[in-house]
Amino acid sequence: QVQLVESGGGLVQAEGSLRLSCAASGRTFSTYAMGWFRQAPGKEREFVGGITWSSGSTWYADSVKGRFTISRDNAKATVYLQMNSLKPEDTAVYYCATSRLRAPTRRMEYDYWGQGTQVTVSS
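Treat the numbers as computed from the prediction; the structure is a model and nothing was measured. (Residues numbered from 1 in each chain as written. Predicted model: local features only at pLDDT ≥ 70, side-chain atom pairs only at ≥ 80, totals over all residues. Heavy atoms only, no water.)

**Q** In this structure, what is going on with the environment of Phe47? I would like to understand it.
**A** With respect to the helices and strands, Phe47 occurs in strand β5 (residues 46–52). Phe47 sits 59 residues away from Arg106 along the chain, and the two C-alpha atoms are 6.8 Å apart. (Helix = DSSP H or I, 4+ residues; strand = E, 2+ residues; numbered from the N terminus.)

**Q** How should I be thinking about the pairing of strand β10 (residues 117–122) in this particular structure?
**A** Burial along β10 is one-sided: the residues Thr117, Val119 and Val121 are buried and none of Gln118, Thr120 and Ser122 is. Where strand β2 (residues 10–13) and β10 come together, four bridges link them in parallel fashion. Looking at β10, one finds that Gly10 is bridged to Val119. Where strand β9 (residues 92–99) and β10 come together, three bridges link them in antiparallel fashion. Of the residues in β10, the one forming a bridge with Tyr94 is Thr117. (Buried < 20%, exposed > 50% of the residue type's maximum accessible area, 1.4 Å probe, protein only. Pairing = 2+ DSSP bridges.)

Written out as structure tokens, the structure is:
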């Protein structure tokens, strides 16, 4: 199994920045990629972006391209989500998850999930 712990959420004003972290432990060698999702109240959980452990290749949802950046530190088994130019519509619980696939974007393509961290953007 893989355990994931997100941190770094909080309250920020619009146009501000926040960096989330996702620390992985356990059988991390069995994972190929890490992804970030978010879920706003009353909405479906949606894909934000992902990164591969090996090459650091990234892919993003159109809604966050140019504003969010995902990076990883293999030595720490940690993935980061740098969020800039935040908007009120970015308010959600943010989750990280693992996948054995190359560039997954669907929830069903991810295996293990963290508990989530709340991000609130005020206008």
